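Topology and contacts: notes
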Amino acid sequence: MEKIDYTDTGQFCSGHVACAGCAEALAMRVILNEVGTDAVGVVVPSCTAVILGGHPMSSAKIPFLHGTLESAAASAAGVKRALRAMGRDDTTVLCLAGDGGTYDIGLQSLSSAAERNEDILYVCFDNEGYMNTGGQKSSSTPKSATTGSTPLGKTTRKKNLIEILAAHRIPYIATVSPSHLNDMKAKVKKAKGMRGMKVIIVLIPCLPGWGVADNAAVKTARLAVESGVFPLIEVEDGLTYKVAQDEKKHPLDDYLAQQKRYRHLKDDDRAELQADVDASWSRLIGLAAM
Amino acid sequence: MNAPVLNEDMRLMNGNHAVAWGVRLAVPDVAPLYPITPQTPILEKLIEFQSQGQFKAELLTPESEHSAMAGCIAASALGARVFTATSSQGLLLMHELLHYAAGARMPIVMFNVNRTPAAPWGFWPDQIDSLSQRDTGWVQLYTENPQDSLDTVIQAFRIAESAGLPVMVNHDAFYVSHSVEPVSLPSADLVQSYLPRQAREIKLDTTIGRSVGAPVDQVQWNRTRREMQIAMAGIADLTVQAGQDWAALTGRKSAPLEFYKTEGAEIVLVTMGSMTGTARDAVDRLRADGVKAGLLKLRLFRPLPLADLRAALARFGTALVLDRNYSPGTGGVLHQEIKAALFGMDDAPGLHGLLAGVGGVSVPVETLEALAREHLGAPTSPDPIWVE
Ligand SMILES: Cc1ncc(C[n+]2csc(CCOP(=O)(O)OP(=O)(O)O)c2C)c(N)n1
Ligand code: SF4
Ligand SMILES: [Mg+2]
C-alpha cells in the first residue's frame, strides 16, 4: 500500500450525494484540492454534476457553470476567453464531464477545443456508461459489458479516446485512477502548470452500473490498472507515451470477477477479452518505446 | 429620418457590414462566431477589423453555432460583453442553448439574418427561423435597412445589459443583409457615451463560489420564469428609452412600434423587417390616390408591446398583417400574435393575415396596393391568405 501524500484544503465539501462507496467523490476531492481556489469550473449533466449538488448548495468551493451535455469544452473555452479578456489569464478553467458527455455527445466540441488548443483542464469521469440516466451504454462501454441498452453485452469495443485526442497533438493527456491517488494528484498538478488543452480521464467503477460491491470501488479500479485494462499513462504533445507500470500484474479475470456486468461471459468470451487486453498492452508498450 | 449632423461620416455599405460596424463600436469582450450564408459578411468584417487592430474582442471560432452559443453563455457568466451572429440552420442548431441563455439571464447580443430553413434548402429571406424561437426568452427586434441594423445592434447591448436578458436583432437575408445603402457611422466616442461600461454582474465569481444553472426544485424553477416575466415587462420601456437616447445623439428615431401616415388612416399595413419599405411605397401610392392608408412597423416582436399595439390598432377600421413566414397548420406568426393581442377588444379592426413573401418571393408595391384596396372595410378573414 502506498501512503497518500495529501493535505485536504477543503475545496470539496462533505454532504455531497454520490452513492455511498463511489470513488468519484474521492477523485473529485483530490482534483479540486489540487486545482485550488483560483479556478472557474464547468460541469455538464453527469454523476459529477449531481455530486456537485443542486442550487443553492454546492460541494465545490470554486464556482461551477452547469452547462449543457454536449457543450462542456465549448463552455470552458468561453470561460477562458472571458477571463483572458479581463486580464485573468492565469485563472484555471476546470471542465468536468462524464464519458457520455465526452466520448459521445460532446466529442464534437471537445475535438474543436482540442484542435484550437484552448487553455483548459478537461477531466472526464469515465464510468463507462450513462449512469445519470440509469445505466445505458456509451461509446466508452467496453466490449461484452451489459448495460440497460446492451442487455446481452455490448458487441463493439470501447472507443479509444486517448488516440483520438493524441491525434489532435494536444499538450497533455493522462489516465488516472482512484486507486492511485498520488499519481492522480501529480498528474493534475502537472496539467495545471501547462498551457493549452489538457485532458485527464479518470476511471470510475460505478457501483450500480457495473454491479460492484459497495466496498469494492477502489479495489476494482486498482485491478483495472494492474490487469492492464486501464493502464495509467501520459501522452505529451500527442507523441510521447509514458506508462506507469512495466507489466500487467493480474489476469483480466480478477478484474471481471468484481463486476456483475460481465457475469454472463463464458470461458471463451473471457479468453477473447484477455487476448484483446494483451494486444492493446503490447501496442501501448510499443508506443511508449518509440 | 436621418438628420444630417456636421461632419457626419456617411459610407456606402451593406446591412451586414453595418452590423459589423455597430458591433465594433459597441466593443464586446468576446465574440464567438461561425459562418453561414447570408450572415458570413458580418463574421468576415469583424475578423478583418480584428486583423487591422480595430476590434479587440476575443474571437472564438468553434466547430458549430451550438458551441458558439455555449461559448457566449459561459463568457457572459463571467460578466463579459458578448456578441455572436448567425442565420437559419445555425440559429435552429442553437435552440437548446437559446433557452439556456435566457433562463440563465445572460445579456448576450446576437444578430440573426432571416433565412429559410431546410428542407428544401434555400437561402431566401423568410422570418420563420427567428419567429420559431419566440418562446425561448430572447428579446427580438426586427430592422428594415442597413442604418436601422447598425443603430439597433448598438441599442441591443443597452437593452440586454439593462434587462439581464439576451437580445436577438434580425434583418432579412439579401434585401437588407446584402443591399448597399448610405449609412451614417457614429463616432466611437458617441457610442462609448451611449454604452458606458457598467460594472456587470459576474455570475461565476471565484470569490463567492456560487454556481450557475445548477439543478433547482419546482418552486425555484417556477420563480425564474416569474422573474423573466418581470424583466420582459420592462423591455418595451427600455426599448423606448434606448431609442430616445440614441435619437438625442444621432437624430435618428426608433421605437417598439413605428407609424407612417397613420393620421386618419382607415386601413393600416402591419409589417416587420424589409417588407416595411415596400409597404411604405404602397401607402404613398394609396394616399396619393385618396385611400386613407397607413403603416405600422413592428420593431419589437418579443416581448410584443401589447398595450401599445391594442391602443394603436383600435384607431383603424382594417388591419392587413404581412407575414414573411409561415407556421404550418396555423398561418403567419405575426397574424396569430396580433389576433391574440386583439382578443376581447370591442373596437378591434377587421383583421386580415396575408402570407406575403414566404420563402423570399417578391411582393411588388402594386400587389400590396391592390390588397389594401380589396380589404378596405372588409370584416375579419378567419384564415390566412396566400399572396400570389
Ligand atoms: C442534449 C441532452 N440529451 C440527453 C440528456 C440526458 N442525459 C443527462 S446525463 C446523460 C448521460 C450522461 O452520461 P455520462 O456523461 O457518462 O455521465 P454519468 O451520468 O455516467 O456520470 C444523459 C443522456 C441531456 N441532459 N441533454
Ligand atoms: S451512479 Fe455510479 S458513478 Fe454515479 S455516483 Fe453512483 S456509483 Fe458513482
Ligand atoms: Mg458515464
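No experiment lies behind these values; they were computed from the predicted model shown.

Quick look at the overall build of chain B
Along the backbone of chain B there are 14 helices and 15 strands. Rg of the C-alpha trace for chain B: 21 Å, near the compact-globule value of 21 Å for 388 residues, within the 12% margin. For chain B, the C-alpha atoms occupy an extent of roughly 65 × 55 × 40 Å along the three principal directions. Going through the 388 residues of chain B one by one, you find that 53% of them count as buried.

Re the interface of chain A and chain B
Taken together, the contacts link 34 residues of chain A with 35 residues of chain B. Those elements giving two or more residues to the side of chain A that touches chain B turn out to be β1 (39–43), β2 (64–66), α3 (72–85) and α5 (107–115) of chain A. If you tally residues by element for the side of chain A that touches chain B, the top one is α3(A), at 10 residues. Among the residues forming the side of chain A that touches chain B, the class breakdown is 14 nonpolar, 15 polar and 5 charged.

A word on the packing of helix α3 (residues 65–77) of chain B against helix α5 (residues 95–103) of chain B
Residue and element names in this part refer to chain B. One can describe the packing of α3 onto α5 by two numbers: an axis separation of 9 Å at closest approach and a directional angle of 10°. With respect to each other, α3 and α5 are oriented roughly parallel. Contacts between α3 and α5 pair H66, M69, A70, C72 and I73 from the former with L97, Y100 and A101 from the latter. A class-by-class count of the residues in the contact of α3 with α5 yields 7 nonpolar, 1 polar and no charged.

Some words on the environment of A:G15
Residue and element names in this part refer to chain A. Within the secondary structure layout, G15 lies in the segment before α1 (23–35). Exposure remark for G15: the 7 C-beta atoms within 10 Å place this residue in the exposed category. Spatially, the C-alpha atom of G15 lies 7.3 Å from that of S59, the residues being 44 residues apart in sequence.

Concerning the site of ligand 1
Residues and elements named next belong to chain A. Taken together, the neighbourhood of ligand 1 is formed by 19 residues, with S46, C47, G98, G100 and N132 sitting nearest. Those elements that place two or more of their residues in the shell around ligand 1 are α2 (47–52), β3 (92–98) and α4 (99–104). The element that contributes the greatest number of residues to the shell around ligand 1 is α4, accounting for 3 residues. Taken together, the residues of the shell around ligand 1 break down into 7 nonpolar, 10 polar and 2 charged.

Observations regarding the sheet that holds strand β13 (residues 318–323) of chain B
Residues and elements named next belong to chain B. Reading across from one edge, β9-β11-β10-β13-β14-β15 is the order of the 6 strands in this open sheet, with mixed pairing throughout. Pairing within the sheet leaves two strands with one partner each, and these edge strands are β9 (257–260) and β15 (385–386). Of the pairings in the sheet, the one linking β13 to strand β14 (residues 350–355) comprises 6 bridges and is parallel in character. Note on β14: the bridge partner recorded for L320 is H352. Here helix α13 (residues 333–342) sits on the sheet and contacts β10 (267–271), β13 and β14; the angle it forms with β13, its principal contact strand, is near 145°.

Observations regarding the sheet that holds strand β7 (residues 233–236) of chain A
Residue and element names in this part refer to chain A. Read across the sheet, 8 strands follow the order β2-β1-β3-β4-β6-β5-β7-β8 without closing on themselves; strand pairing throughout is mixed. If you trace the sheet from one side to the other, it starts and ends with β2 and β8 (240–243), each paired once. Strand-to-strand twist of the sheet, defined as the mean angle between neighbouring strand axes without regard to direction, takes the value 15°. One ladder, built from 5 bridges, connects β1 with β3; its direction is parallel.

Considering the packing of α3(A) against α5(A)
Residue and element names in this part refer to chain A. Two elements in contact, α3 and α5, have axes whose closest approach is 6 Å; the angle formed by their N-to-C orientations is 40°. With respect to α5, the element α3 is oriented oblique. For the pair formed by α3 and α5, the contact residues are A72, A73, A74, A76 and A77 on the first element and S109, L110 and A113 on the second. Looking at side-chain class alone, the contact of α3 with α5 contains 7 nonpolar, 1 polar and no charged residues.

Structural notes on the site of ligand 2
All names here are of chain A. By nearness alone, every residue bordering ligand 2 is listed as A18, C19, C22, E24, C47, N127, M131, I204, C206, L207, P208 and G209. In terms of residue count, the dominant contributor to the shell around ligand 2 is helix α8 (residues 207–210) (3 residues). When the residues that make up the shell around ligand 2 are grouped by side-chain class, the tally is 9 nonpolar, 2 polar and 1 charged.

Some thoughts on helix α1 (residues 15–26) of chain B
Its 12 residues give α1(B) an end-to-end C-alpha distance of 17 Å, which sits within 8% of 16 Å, the value for a rise of 1.5 Å per residue. Within α1(B), 12 of the 12 residues are buried, which leaves the element mostly enclosed by the surrounding structure.

What about the domain arrangement of chain B?
All names here are of chain B. In terms of domains, chain B is made up of domain 1 (9–249) and domain 2 (257–386). A C-alpha centroid distance of 27 Å is found between domain 1 and domain 2. Tallying contributions element by element places strand β6 (residues 139–142) first for the side of domain 1 that touches domain 2, with 4 residues. Broken down by class, the residue content of the side of domain 1 that touches domain 2 amounts to 13 nonpolar, 9 polar and 4 charged.

Conventions and cut-offs
- Residues numbered from 1 in each chain as written.
- Chains lettered and ligands numbered in written order.
- Predicted model: local features only at pLDDT ≥ 70, side-chain atom pairs only at ≥ 80, totals over all residues.
- Helix = DSSP H or I, 4+ residues; strand = E, 2+ residues; numbered from the N terminus.
- Rg over C-alpha atoms; globule rule 2.2 N^0.38 Å.
- Buried ≥ 20, exposed ≤ 12 C-beta atoms within 10 Å, placed from the backbone.
- Contact = placed C-beta atoms within 7 Å.
- Nonpolar A, V, L, I, M, F, W, Y, C, P; charged D, E, K, R; others polar.
- Axes fitted to C-alpha atoms, helices over the stretch in contact; angles between N-to-C directions.
- Parallel < 35°, antiparallel > 145°, perpendicular 65-115°, else oblique.
- Near = placed C-beta within 6 Å.
- Pairing = 2+ DSSP bridges.
- Expected span 1.5 Å × (residues − 1).
- Domains from an automatic or database assignment.

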